[in-house]
Amino acid sequence: MRWLETVTAGDSKIVTSIDGAGPTLVMLPSYGRDGFDDFDRVTDLMVAQGWQVLRPQPRGIAGSSGPMDGLTFSDLANDVAGVIRKYGEAPVIMLGHAFGNFVARVVAVDHPDLVRGVVLAADSPAPSKVAPEVNEAPFIAGDPKRPEEERLAALRLAFFAPGHDPHPWLDGWYPETLAMQQRAVKATNLDPYWFGGIAPMLEIIPRFDAFKPQALWSEMQEGAGDRVTTVIVDDASHALFPEQPDRVAEAILHWAAKL
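Everything numeric here is computed off the predicted structure, so don't read it as measured data.

Asks: Sorry, what's going on with the packing of helix H2 (residues 73-87) against helix H3 (residues 99-110) here?
Replies: Each pair of packed helices can be described by the angle between their axes along with the distance between the axes. Between H2 and H3, the shortest axis-to-axis distance is 9 Å and the interhelical angle comes to 75°. For the element pair H2 / H3, the angle class is roughly perpendicular. Residues Phe73, Ser74, Leu76, Ala77, Val80 and Ile84 of H2 form the contact with H3, whose participating residues are Phe99, Phe102, Val103, Val106, Val107 and Asp110. Here the contact of H2 with H3 is composed, by residue class, of 10 nonpolar, 1 polar and 1 charged.

Asks: In this structure, what is going on with the pairing of strand S3 (residues 24-28)? I would like to understand it.
Replies: Remark: a regular strand shows side chains that alternate across the two faces of the sheet. In terms of burial, S3 is largely enclosed, as 5 of its 5 residues are buried. Along S3, one buried face is formed by Thr24, Val26 and Leu28 and the opposite face, lined by Leu25 and Met27, is buried too. Where S3 lies against strand S4 (residues 52-56), 3 bridges are found, and the strand directions are parallel. Within S4, the residue paired with threonine 24 across the bridge is glutamine 52. As for the winding sense of the linkage, the β-α-β connection from S3 through helix H1 (residues 37-48) to S4 is right-handed.

Asks: Could you clarify how one ought to interpret the pattern of salt bridges in this entry?
Replies: Should the charged atoms of two oppositely charged side chains come close, the side chains can pair. Enumeration according to the criterion identifies 19 salt bridges in this entry. Between arginine 33 and aspartate 38 there is a salt bridge, and its shortest N-O distance comes to 2.8 Å. Across the salt bridge formed by arginine 55 and aspartate 40, the nearest N and O atoms sit 2.8 Å from each other. Note that arginine 55 is positioned in strand S4 and aspartate 40 in helix H1, a separation of 15 residues in sequence. A relative accessible area of 0% places arginine 55 in the buried class. The exposure class of aspartate 40 is partly exposed, given its relative accessible area of 22%. Put simply, Arg105, Asp123, Lys129, Glu203, Lys212 and Glu219 are held in one network by salt bridges that share partners.

Asks: Where do I start with H3 in this structure?
Replies: In an α-helix, one full turn covers 3.6 residues, which means residues spaced three or four apart are oriented alike. Over its 12 residues, H3 extends 17 Å from the first C-alpha to the last, a length consistent with the 16 Å expected when each residue adds 1.5 Å. Counting buried residues in H3 gives 10 out of 12 residues, a clear majority hidden from the surface. Of the positions making up H3, those classed as buried are Phe99, Gly100, Asn101, Phe102, Val103, Ala104, Arg105, Val106, Val107 and Ala108. Buried residues along H3 sit in contact with S3, H2, strand S5 (92-97), strand S6 (115-121), helix H6 (175-187) and helix H7 (219-224).

Asks: Would you mind going over the packing of aromatic side chains with me for this structure?
Replies: The description of two aromatic rings rests on the distance between their centres and on the angle between their planes. Under the definition given, this model contains 11 aromatic pairs. Relative to phenylalanine 99, the ring of phenylalanine 73 lies with its centre 5.4 Å away and its plane at 40°, an arrangement referred to as tilted. With phenylalanine 73 in helix H2 and phenylalanine 99 in helix H3, the pair connects residues that are 26 residues apart, well separated along the chain. Residues phenylalanine 160 and tryptophan 169 carry aromatic rings whose centres are separated by 5.6 Å and whose planes lie at 90° to one another, so their mutual orientation is edge-to-face. Using a relative accessible area of 7% as the deciding quantity, one classes phenylalanine 160 as buried. Look at tryptophan 169 and you get buried, because its relative accessible area is 2%. Through successive ring pairs, a cluster of aromatic residues spans Tyr31, Phe73, Phe99, Phe102, Phe139 and Trp194. It is arginine 33 that lies over the ring of tryptophan 169; its NZ or CZ is 3.9 Å from the centre. For arginine 105, the ring lying beneath its charged end belongs to tryptophan 194, and the centroid distance is 4.8 Å.

Asks: Which parts of the structure should I look at to understand the packing of H1 against helix H8 (residues 245-256)?
Replies: Viewed as axis vectors pointing N to C, H1 and H8 meet at an angle of 40°, and their least axial separation amounts to 9 Å. Relative to H8, the element H1 lies oblique. In terms of crossing hand, the pair formed by H1 and H8 is right-handed. From H1, Arg41, Val42, Leu45 and Met46 reach across to H8, where they touch Pro245, Asp246, Val248, Ala249, Ile252 and Leu253. Considering only residue class, the contact of H1 with H8 consists of 8 nonpolar, no polar and 2 charged.

How each quantity is defined
Residues numbered from 1 in each chain as written. Predicted model: local features only at pLDDT ≥ 70, side-chain atom pairs only at ≥ 80, totals over all residues. Heavy atoms only, no water. Axes fitted to C-alpha atoms, helices over the stretch in contact; angles between N-to-C directions. Helix = DSSP H or I, 4+ residues; strand = E, 2+ residues; numbered from the N terminus. Parallel < 35°, antiparallel > 145°, perpendicular 65-115°, else oblique. Contact = heavy atoms within 4.5 Å. Nonpolar A, V, L, I, M, F, W, Y, C, P; charged D, E, K, R; others polar. Buried < 20%, exposed > 50% of the residue type's maximum accessible area, 1.4 Å probe, protein only. Pairing = 2+ DSSP bridges. Right-handed = clockwise from strand over helix to strand, strands pointing away. Salt bridge = Lys/Arg side-chain N within 4 Å of Asp/Glu carboxyl O. Expected span 1.5 Å × (residues − 1). Phe/Tyr/Trp six-rings, centres within 6.5 Å; stacked < 30°, edge-to-face > 60°. Lys NZ or Arg CZ within 6 Å of the ring centre and 35° of its normal. Left-handed = near helix turned anticlockwise from the far one by under 90°.

Below, the structure is given as structure tokens:
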């Protein structure tokens, strides 16, 4: 059964999709996107295995609201923490997809009592280590005012593996939320949060992820040691969830069983 609830967290109201019952997985979406269609298949698979899945929607999406300026990642993490305290079976497993994995790491550091593990799905290195045209791709793909072919080219470059259809990702973008999140990136020093505090981490790396070429695959393990388990997912890029949802769910379930 799936339903929506609105959680008041400080000066924000966060609409949250709730599925299932059991140990809690909290799923946070990527830059400027909602946590609905992209996560539906993985949510269904997790619920079928006895999990509760919470999908808090970022400010500006699906009725979630709150100030959109002057925010840091701690503000966004507080939104998520409010949802966990209201509806989660804490401590939870946090999953962040792409941009969302930075929020997940901040939740783990700022609210360690709420988190027992962090899944970094298609995580990125520091922007300075990513090709400029790849860094720019979310702002092209996520801008509905741009020509469709330009947006599709950005999606093929940075988000979808060869042979995968990027057209579904022409939808599901929220430019005001994307701009808010970009400002939060610029306002936050992520160094203290980079390795997710003390929580165990599962890093799911898509083999064709332009944001994280193979030369950087060992970055998290080198920094956090045996707290990090790394899984490589074939035939996927940065979008990951519409490409290989079954493989993602399998990796989460296998890792979580050992926590």
